[in-house]
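Coordinates in review
As a plain string of letters, each chain reads:
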Amino acid sequence: MAPRQQMRHYLRQLQNSRSPESTATIIQNIFSLCFDNSSVTHPEYQTAALEEGVVNKLLEICASDELEVVRARAFNALGTIAFKNEDVCNMLLWKTTIVPLVQHVLENDKSLFVRHRALYALNNVACELPGAHESLYSFLPMLMGIIIDPKEHLEIRKTSVTFLCSFASNPATHQILREHRAVDVFIYVMKSNDVSLMCTSAALAVANICDRKGDFTELAAGCSDSLLCKLIDALRATLQGQDYPANTNGFYTDWKLVMGIGFMCRHPPARAVIKHLGLADLLRTALVSETSSTKLLKYCLETLWLLSVD
């Protein structure tokens, strides 16, 4: 069955479903079409879900009073359909109420599963979309409050850190992040030295922000030799195609990780520690690998040059 025909079929099933169990199963089937067991997305099914109205129906379910498992699966499917698909992301961000809906869920929903999947969905929609940051400024205080709240569930805090780090990867956001004192939140996470709270991602975000300004005072405030060691461990695992921390199913993008470590290498004290930890050997391994992307090669060469400054 062709993608659009398949999505049309599932839309009819969703519209005619008479039980939560049936609805949850249909949503899982939609998810499986867009994202298979080998962790590969299928753009033809993502686009078909948008064009045939499945995306709007899923959003309607997310905002409904359906059972927890149904709403969580709907948010999860939305995040998967949006993943790296600019057409879907644009529609959801600019033509629906997904941002206020996720804010409402985070503030009011009692279900950890629904809250986590809602945050996951919005992160996939907005993290790499040009101009998306402008629609999310009102969302920042809530994210930062979640991150520094030790009573909040770790998975929600962790996903909030990931979201805020994705936000910081866009230079256009740096001024507003400073105005909201987001760097202080990143430093708080860095000082925790807790990989389960994404301290390594927070360090990369601060290095990125500091590099644009040319002032590494804030990086120095949160950085430690132990944290730098974790960053190198993350790179080693990433270059080997492994998750980091191990068994968490959390993966870094190799070139983004090298780029962030390269920013850190502009700070002499951090550079000295990083050199001692064997970064150069890892970069050389990546340079001779047949699977390395052009972007990874570019940032490996730039970072090796920075390491040679001393």
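Structural data are supplied above this passage.
Every value quoted in this text rests on a predicted model; they were computed, and no experiment measured them.

Rules behind the numbers
Along each chain, residue indices are assigned from 1 in the same order as the chain's sequence is written. With the structure being a predicted model, the display of local features is reserved for residues of pLDDT at least 70 and the display and counting of side-chain atom pairs for 80 or more, all residues being used for whole-chain, interface and lining totals. Hydrogens and waters are ignored; side-chain quantities use all the structure's heavy atoms. A run of H or I in DSSP counts as a helix once it spans at least four residues, and a run of E counts as a strand once it spans at least two, with each numbered from the N terminus. Residue burial is assigned from relative accessible area. The probe radius is 1.4 Å, only protein chains are included, and a residue is buried under 20% of its type maximum, exposed over 50%, and partly exposed in between. Axis geometry follows a simple rule: fit a line to the C-alpha atoms, using only the stretch in contact for helices, then measure angles between N-to-C directions, giving values from 0 to 180 degrees. Oblique is the label for any angle not under 35 degrees, not over 145, and not in the 65 to 115 range, which are roughly parallel, roughly antiparallel and roughly perpendicular in turn. In this scheme, a crossing is called left-handed if the near helix is turned counterclockwise away from the far one by less than a right angle; it is called right-handed if the turn is clockwise. By the convention used here, residues are in contact when the closest approach between their heavy atoms is within 4.5 Å. Each pair of aromatic rings taken from Phe, Tyr and Trp, with Trp reduced to its six-membered ring, is defined by centres within 6.5 Å and is described as stacked if the planes are under 30 degrees apart, edge-to-face if over 60, and tilted in the remaining cases. Consider the ring centre and the ring normal. A charge sits over the ring if Lys NZ or Arg CZ is within 6 Å of that centre and within 35 degrees of that normal. Here, nonpolar core refers to any group of buried Ala, Val, Leu, Ile, Met, Phe, Trp, Tyr and Cys residues whose side-chain atoms link them within 4.5 Å. Think of a salt bridge as a Lys or Arg side-chain nitrogen and an Asp or Glu carboxyl oxygen that are within 4 Å of each other.

Relative to the helices and strands, Phe186 is located in helix H12 (residues 182-192). A residue is classified by how much of its surface remains accessible, and Phe186, at 2% relative accessible area, is buried.

A separate point is the packing of helix H5 (residues 68-82) against helix H8 (residues 112-126). Packing of H5 against H8 leaves a shortest axis separation of 8 Å and a crossing angle of 15°. When the axes of H5 and H8 are compared, the pair comes out roughly parallel. Crossing of H5 over H8 shows left-handed handedness. On the side of H5, the interface is formed by Glu68, Arg71, Ala72, Phe75, Asn76, Gly79, Thr80 and Ala82, while H8 contributes Phe113, Val114, Arg117, Ala118, Tyr120, Ala121, Asn124 and Val125.

Moving on: the packing of aromatic side chains. The relation between two aromatic rings is expressed through the spacing of the ring centres and the mutual angle of the planes. Applying the stated rule across the entire model yields four aromatic pairs. With centroids separated by 5.5 Å and ring planes inclined at 50°, the aromatic side chains of Phe139 and Phe163 adopt a geometry described as tilted. One end of the pair, Phe139, is in the loop between H8 and helix H9 (140-147); the other, Phe163, is in helix H10 (residues 154-168), and 24 residues separate them in sequence. Taking relative accessible area as the criterion, Phe139 reaches 1% and is therefore assigned buried. Its relative accessible area of 3% is what places Phe163 among the buried residues. The cationic tip of Arg117 hangs over the ring face of Tyr120; the distance from NZ or CZ to the ring centre is 4.2 Å.

The buried count for H9 comes to six of eight residues, which makes it a mostly enclosed element. Where H9 is concerned, the buried positions are Leu140, Met142, Leu143, Met144, Ile146 and Ile147. For H9, the elements touching its buried residues are helix H7 (98-108), H8, H10, helix H11 (174-179) and H12.

Attention shifts here to the nonpolar core. Residues Leu92 and Phe139 are the most contacted members of the largest nonpolar core, which totals 116 residues. Tallying contributions element by element places helix H13 (residues 199-213) first for this core, with nine residues. Excluding its chain neighbours within four sequence positions, the residues that come into contact with Phe139 are Val102, Gln103, Leu106, Leu119, Leu122 and Phe163.

Here the focus is the pattern of salt bridges. Considering all chains together, one arrives at 11 salt bridges under this definition. Across the pair Arg71 and Asp109 runs a salt bridge, and its minimum N-O distance is 2.6 Å. Taken together, the positions of Arg71 in helix H5 and Asp109 in the loop between H7 and H8 put the pair 38 residues apart, joining distant regions of the chain. Here the two residues Arg71 and Asp109 agree in accessibility, since each one is buried. Among the ionic pairs, Arg284 bridges to Asp281, the shortest N-O distance being 3.1 Å. You can see Arg284 and its partner Asp281 sitting in helix H18 (residues 279-287), three residues apart, about one turn around the helix. Within this structure, Arg4, Arg8, Glu51 and Glu52 form a network of salt bridges that share partners.

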